[in-house]
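Here's the letter readout for the chains.
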Amino acid sequence: MRVVMIGPPGAGKGTQGALIAEHFDIPRIVVGDLLRDHVARRTDLGRVADGYLGRGELVPDELMLCIVRQALMAARAAGGGYVFDGVPRAMAQARAAYAIAAELGMTANAAGHLRADDNELTRRLPGRAALEHRTDDTEAVIRHRLELYQKATQPIIAWYAQRGILVSVDAMRQAGEVGREIRTALELLPAPTGPVIVRRPVDLSGLGAGCAS
Ligand code: ADP
């Protein structure tokens, strides 16, 4: 199972991605967490990414695609499955990431789309900021991230639909309910084609090393 999550900030990609990863026993790649970890550790990558995260801007594709390549290679070595949360966020990034995945025989066979309402999200996100100590969940940055989602990320959904991999669910319900609906839809999909490799534990902790140079 190879799933890419798509949805606005605050729609529950993290929660649903974790449920999918657990259910199908596949690694979960959370790009935002990887970036924040680099910022916290003040790595070369973290120093470049820091300002973009603080403003709610997209980190440059060069860096993101380097991380994507490393993550897909790690996932391939670990058995071939994944849940990707955070990439792609714009059409150009989507096409470039797809090319890398195709080269590695690791393209997604499902896109989990979480549909959510902007007003509800604007209400949810400040609460999360307090819980997670995220500095980018302030009102102005939230508004900007939502706008960026509408403008840059949303067009990718139509592309997934064309590829026949879109699984779209109403995310404005209880997390368990949303999770059950996605899982059922994913179980009905044809199995992905690609490498068949013996499953090994995956270590994502070093991802991004060398990506800022
Ligand atoms: P959310 O989905 O709530 O916006 P994330 O943790 O996924 O939060 O992302 C936080 C920030 O990390 C983004 O605002 C952006 O600065 C950066 N980021 C995450 N994913 C990408 C990406 N695919 N391309 C560029 N920047 C990204």
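What comes next is a walk through the structure. The structure presented is a predicted model; accordingly, all values stated were derived computationally and were not measured.

### Quick look at the overall build of the chain
- Within the chain one finds 9 helices and 5 strands.
- Tracing the chain from N to C terminus, the helices and strands come up as β-α-β-α-α-α-β-α-β-α-α-α-β-α.
- Rg of the C-alpha trace for the chain: 16 Å, near the compact-globule value of 17 Å for 213 residues, within the 12% margin.
- With respect to the three principal axes, the spread of C-alpha positions in the chain is 45 × 40 × 30 Å.
- Looking at the chain as a whole, 45% of its 213 residues qualify as buried.
- With the model as given, the accessible surface of the chain reaches about 10400 Å², and the carbon-plus-sulfur share is 53%.
- Placing the 26 positive and 24 negative side-chain charges of the chain at their respective mean positions leaves the two points 3 Å apart.

### With respect to the site of the ligand
- The local shell around the ligand holds 21 residues, among which Glu57, Gly86, Arg89, Arg128 and Arg145 are the closest.
- Contact distances for the ligand include 2.9 Å between an oxygen atom and a side-chain N or O atom of Arg36.
- Backbone polar atom of Glu57 to an oxygen atom of the ligand: 2.5 Å apart, as the coordinates give it.
- For the ligand, the accessible surface in isolation is 540 Å², of which the surrounding protein chains cover 97%.
- When contributions to the shell around the ligand are tallied by element, the ones reaching two or more residues are helix 2 (31–41) and helix 3 (44–55).

### Observations concerning the state of the cysteines
- Overall, the coordinates contain 1 disulfide when judged by the stated rule.
- Each sulfur of the disulfide joining Cys66 and Cys211 lies 2.0 Å from the other. Since a negative S-S torsion denotes a left-handed disulfide, the Cys66-Cys211 link at about -85 degrees is left-handed. In this pair, Cys66 sits in helix 4 (residues 61–77) while Cys211 sits in the segment after helix 9 (175–187), placing the two residues 145 residues apart along the sequence.
- The partly exposed category is assigned to Cys66, whose relative accessible area is 24%.
- By relative accessible area, Cys211 is classed as buried at 6%.

### Description of the packing of helix 1 (residues 13–24) against helix 9
- Remark: helix 1 packs on helix 9, axes separated minimally by 10 Å, with the N-to-C direction vectors making an angle of 50 degrees. Between helix 1 and helix 9, the crossing angle belongs to the class labelled oblique. When the axes of helix 1 and helix 9 are compared, the crossing they make is right-handed. Residues Thr15, Gln16, Leu19, Ile20, His23 and Phe24 of helix 1 touch helix 9, and the partners they reach there are Ala175, Val178, Gly179, Ile182, Arg183, Leu186 and Glu187.
- In terms of residue class, the contact of helix 1 with helix 9 is made up of 7 nonpolar, 4 polar and 2 charged.

### Observations regarding the pairing of strand 1 (residues 2–6)
- The element strand 1 is extensively covered by neighbouring structure, given that 5 of its 5 residues are classed as buried.
- Side-chain alternation along strand 1 places Arg2, Val4 and Ile6 on one buried face and Val3 and Met5 on a second face that is also buried.
- Pairing analysis gives 4 bridges linking strand 1 to strand 3 (residues 82–85), with the strands arranged parallel. Following the sheet pairing, Val3 is matched in strand 3 by Val83.
- For strand 1 and strand 4 (residues 110–115), the ladder comprises 4 bridges, and the chain directions are parallel. Among the inter-strand pairings, Val4 is bridged to a residue of strand 4, identified as Ala111.

Definitions and cut-offs
- Residues numbered from 1 in each chain as written.
- Predicted model: local features only at pLDDT ≥ 70, side-chain atom pairs only at ≥ 80, totals over all residues.
- Heavy atoms only, no water.
- Helix = DSSP H or I, 4+ residues; strand = E, 2+ residues; numbered from the N terminus.
- Rg over C-alpha atoms; globule rule 2.2 N^0.38 Å.
- Buried < 20%, exposed > 50% of the residue type's maximum accessible area, 1.4 Å probe, protein only.
- Areas by Shrake-Rupley, 256 points an atom, 1.4 Å probe, with all protein chains shown as cover.
- Lys, Arg positive; Asp, Glu negative; His and termini not counted.
- Charge placed at Lys NZ, Arg CZ, Asp CG, Glu CD.
- Near = heavy atom within 4 Å.
- Polar contact = N/O pair within 3.5 Å; in protein donor to acceptor, adjacent residues only side chain to side chain.
- Disulfide = S-S within 2.5 Å.
- Axes fitted to C-alpha atoms, helices over the stretch in contact; angles between N-to-C directions.
- Parallel < 35°, antiparallel > 145°, perpendicular 65-115°, else oblique.
- Left-handed = near helix turned anticlockwise from the far one by under 90°.
- Contact = heavy atoms within 4.5 Å.
- Nonpolar A, V, L, I, M, F, W, Y, C, P; charged D, E, K, R; others polar.
- Pairing = 2+ DSSP bridges.

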